Amino acid sequence: MPFDILIIGAGPAGLCFARSMSGCGLRIGILERQAAPTLAEPADDGREIAITHHSQRLLRELGLWTRLRAEDIGTLRDAKVIDGNDHDGLLFHHDEAGTNQLGWLVSNHAIRSAAYAEASTQADIELMTGTGVAALHTDADGAAVHLDNGNVLHAGLVIAADSRFSEARRAMGITADMHDFGKTMLVLRMQHDAPHAQTAWEWFGTGQTLALLPLHDPHTSSVVLTLHPARMRELLALDDAALGIAMAERFQQRLCAMRVAGPRCAYPLVGVYARRFTAERFALIGDAAVGMHPVTAHGFNFGLLGQDTLARELRAALRGDQPCWGDAPLRRYARRHRLATRPLYLATQMLAGLYTDDRGPVRVLRKLALRSGARFGPFRRLVMSGLVGERGGVPLPLRILHGRA
Ligand SMILES: Cc1cc2nc3c(=O)[nH]c(=O)nc-3n(C[C@H](O)[C@H](O)[C@H](O)COP(=O)(O)OP(=O)(O)OC[C@H]3O[C@@H](n4cnc5c(N)ncnc54)[C@H](O)[C@@H]3O)c2cc1C
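Just so you know, these numbers come straight off a predicted model, no measurement behind them. (Residues numbered from 1 in each chain as written. Predicted model: local features only at pLDDT ≥ 70, side-chain atom pairs only at ≥ 80, totals over all residues. Heavy atoms only, no water.)

**Considerations on the overall build of the chain**
Note the cut-off: Runs of H or I in DSSP of at least four residues are treated as helices and runs of E of at least two as strands, each being numbered from the N terminus. Residue exposure (1.4 Å probe, protein chains only): buried if accessible area is under 20% of the type maximum, exposed if over 50%, otherwise partly exposed. Residues count as neighbours in contact if any of their non-hydrogen atoms are within 4.5 Å of one another. For the area figures, the Shrake-Rupley method with a 1.4 Å probe applies, and any residue is considered shielded solely by the protein chains shown.
The helix and strand tally for the chain stands at 13 helices and 20 strands. For the chain, the proportion of its 405 residues judged to be buried stands at 58%. For the chain, the proportion of contacts with a sequence separation of at least 24, taken over those separated by at least 6, is 74%. Carbon and sulfur atoms make up 53% of the accessible area of the chain, which totals about 16800 Å².

Shown next as structure tokens:
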């Protein structure tokens, strides 16, 4: 019997979408290349995901939030942006937003594990693991998905959630804008003698960008360092003790002594935006649709938003006795998700360029942007409302530069 919906990729976006569509009377399949035990207990990939208030609400609705352990959740109370050697930077205090915190920090592997546990307990979701997709074809009658193991699955609708380098997107002939920033990003859990005070840092230094993401323990943070690949290779060649000293120096000893406390995970920085999000009986979600540069911490937040938008459109079609694979709900999803993500995707590209350009005039421009942001009260309130707002808000550094709602 064919699936009503077949999802390719059991990452956070694919699993959350399956959970969102569960209970509609449909037969839902998820196809994943990795093995089931790896999905149940994913390896620590170093990523700490900054969760907005809107995303936290969606995670609650999907049943994921209650599956997280208290020690998996860090409080993001305040945030500051530092430029060059400035000492204090621009502080965004939670009080100004009228909430008791700006957001949360949750490990990516904890989100993946919670999403897998939740999806695998739903009777209408069938997980097929340990096999990838060899070929894919859709037409007016349905979709045929040819697996690596030679089997063929049939479905009414195929949803691709198979990462920013999506093979399903390519198989459907959908092109994507890709931007390689030519930098490497290291994410590393570190202990430090000075407490983090639940404050995130985004620090644009000369030749490097640093971020500090406060975790559950007051003396442990996730450190994110962006460097030229050759310089990153030199740094990664150090042993743990030397790396701790090197990172403390990069942080100008502001956190006192620092020690490595987790795996070293390095990622090439590539932004991806699909030219189309849908085709006949086919849609892209998660990073396969919009693969953000992590500087603005919005990739998963957008993935969660997108799967929710698509699920709402499909559920509305079903309530109106329309098939969920119809053209109209897919087109509405594509339009809404493009509107929600395109401006920020483009602004993030620009921001990433501006804040990694160390030429004199550019440094002056960003210093001016930060100083005017620091003084202008209404602007600060706008930033805060966006950070905690209903739709998840615009990431902090973007608002500083553009002053947009
Ligand atoms: C360093 C870093 C920090 C980040 N920080 C943040 C943050 O603070 N906030 C935020 O919102 N986002 C952040 N992100 C982004 C976030 O991690 C991603 O947006 C999110 O993980 C994407 O989820 P996904 O399900 O779309 O894709 P993925 O997590 O890439 O999952 C794709 C799945 O598809 C499977 N797959 C691939 N190809 C096939 C195939 N052919 N057949 C079957 N299965 C297949 C893969 O095995 C995988 O399980 C960060 C990213 C990085 C790199």
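**Observations regarding the sheet that holds strand E3 (residues 48–51)**
Heads up, the rule is: Strands pair, by our definition, only if DSSP identifies at least two bridges between them. Lines fitted to the C-alpha atoms define the axes, with helices restricted to the stretch that makes contact. Angles between their N-to-C directions range from 0 to 180 degrees.
Ordered by their spatial adjacency, three strands build an open sheet running E3-E7-E4, and the pairing between neighbours is antiparallel. Each of the sheet's edge strands pairs with one partner strand only, and the pair in question is E3 and strand E4 (73–76). On average, each strand axis in the sheet is tilted by 25° relative to the strand beside it, whichever way the strands run. Pairing of E4 with strand E7 (residues 103–107) involves four bridges; the strand directions are antiparallel. Bridge pairing in E7 links Ile73 to Val106. Contacting E3 and E7, helix H3 (residues 53–61) runs over the sheet at an angle of about 100° to E3.

**Examining the site of the ligand**
Selection rule: Proximity is defined per residue: any heavy atom of the residue falling within 4 Å of a molecule or strand makes that residue near it. What qualifies as a polar contact is a pair of N or O atoms within 3.5 Å, subject to a donor-acceptor requirement within protein and to the restriction that residues adjacent in sequence count only when both atoms come from side chains. Three classes are used: nonpolar for Ala, Val, Leu, Ile, Met, Phe, Trp, Tyr, Cys and Pro, charged for Asp, Glu, Lys and Arg, and polar for all others, with Gly counted as polar.
Neighbouring the ligand are 32 residues; Glu32, Arg47, Arg112, Asp287 and Phe300 lie closest to it. For the ligand, an oxygen atom lies 3.2 Å from a polar atom in the backbone of Pro12. Protein coverage of the free-state accessible area of the ligand, which is 1000 Å², stands at 91%. Contributions of two or more residues to the shell around the ligand are made by helix H1 (12–21), strand E2 (28–32), E3, helix H5 (108–120), strand E12 (176–192) and helix H9 (299–319). Its residues placed into classes, the shell around the ligand shows 14 nonpolar, ten polar and eight charged.

**Re the pairing of E3**
Judged by which residues are buried, E3 turns out to be covered on both faces: Glu48 and Ala50 on one side and Ile49 and Ile51 on the other are all buried. Strand direction decides the pairing type here: E3 and E7, joined by four bridges, are antiparallel. Bridge pairing in E7 places Ile51 opposite Trp104.

**Description of the packing of aromatic side chains**
Each pair of aromatic rings is reported with the distance of its centres and the angle of its planes. Filter applied, for reference: Classification of ring pairs rests on two measures: the distance between centres of Phe, Tyr or Trp rings, Trp counted by its six-membered ring, which must be within 6.5 Å, and the angle between planes, read as stacked under 30 degrees, edge-to-face over 60 and tilted in between. Only when the NZ of Lys or the CZ of Arg is both within 6 Å of the ring centre and within 35 degrees of the ring normal is a charge said to sit over the ring.
Using the criterion set out here, one finds seven aromatic pairs in the structure. Measuring from centroid to centroid gives 5.6 Å for Tyr273 and Phe277, while their planes differ by 45°, and the two rings are tilted. Across this residue pair, the class does not change: Tyr273 and Phe277 are buried. Look at Phe277 and Tyr333: their rings are 6.4 Å apart centre to centre, the planes differ by 35°, and that puts the pair in the tilted class. Taken as a pair, Phe277 in the loop between strand E17 (265–274) and strand E18 (278–279) and Tyr333 in helix H10 (residues 327–354) lie far apart in primary sequence, 56 residues in all. Each of the two residues, Phe277 as well as Tyr333, counts as buried. Aromatic rings pair up to connect Tyr273, Phe277, Tyr333 and Tyr345 into one cluster. The ring of Phe277 has Arg338 sitting right over it, with the charged end atom 4.5 Å from the ring centre. Sitting above the plane of the Tyr273 ring, Arg342 keeps its charged end 4.5 Å from the centroid.

**Digging into the environment of Pro268**
Positionally, Pro268 belongs in strand E17. Since its relative accessible area comes to 61%, Pro268 is described here as exposed. Sequence separation between Pro268 and Leu186 is 82 residues; the distance between their C-alpha atoms is 9.0 Å.

**Quick word on the confidence of the model for the chain**
Basically, it comes down to this: Per-residue confidence from the prediction method is given by pLDDT, with values spanning 0 to 100.
When pLDDT is averaged along the chain, the result is 89, and 87% of the positions lie at 70 or above. Segment residues 389–405 is flagged for pLDDT under 50; beyond a separation of four residues in sequence, or across chains, it makes 58 contacts in the model.

**A look at the pattern of salt bridges**
Where we set the bar: One speaks of a salt bridge when a side-chain nitrogen belonging to Lys or Arg is within 4 Å of a carboxyl oxygen belonging to Asp or Glu.
Going through the model one piece at a time under the given rule, you end up with 19 salt bridges. Between Glu126 and Arg27 there is a salt bridge, and its shortest N-O distance comes to 3.1 Å. With Glu126 in strand E8 (residues 125–129) and Arg27 in the loop between H1 and E2, this pair connects stretches of sequence that are 99 residues apart. Given the relative accessible area of 24%, Arg27 is considered partly exposed. With a closest N to O distance of 2.9 Å, Arg312 and Asp308 form a salt bridge. With Arg312 and Asp308 both in helix H9 and four residues apart, the pair spans about one turn of that helix. Using a relative accessible area of 44% as the deciding quantity, one classes Arg312 as partly exposed. Since its relative accessible area comes to 10%, Asp308 is described here as buried. Overlapping salt bridges bring together Arg19, Arg67 and Glu118 as one network.

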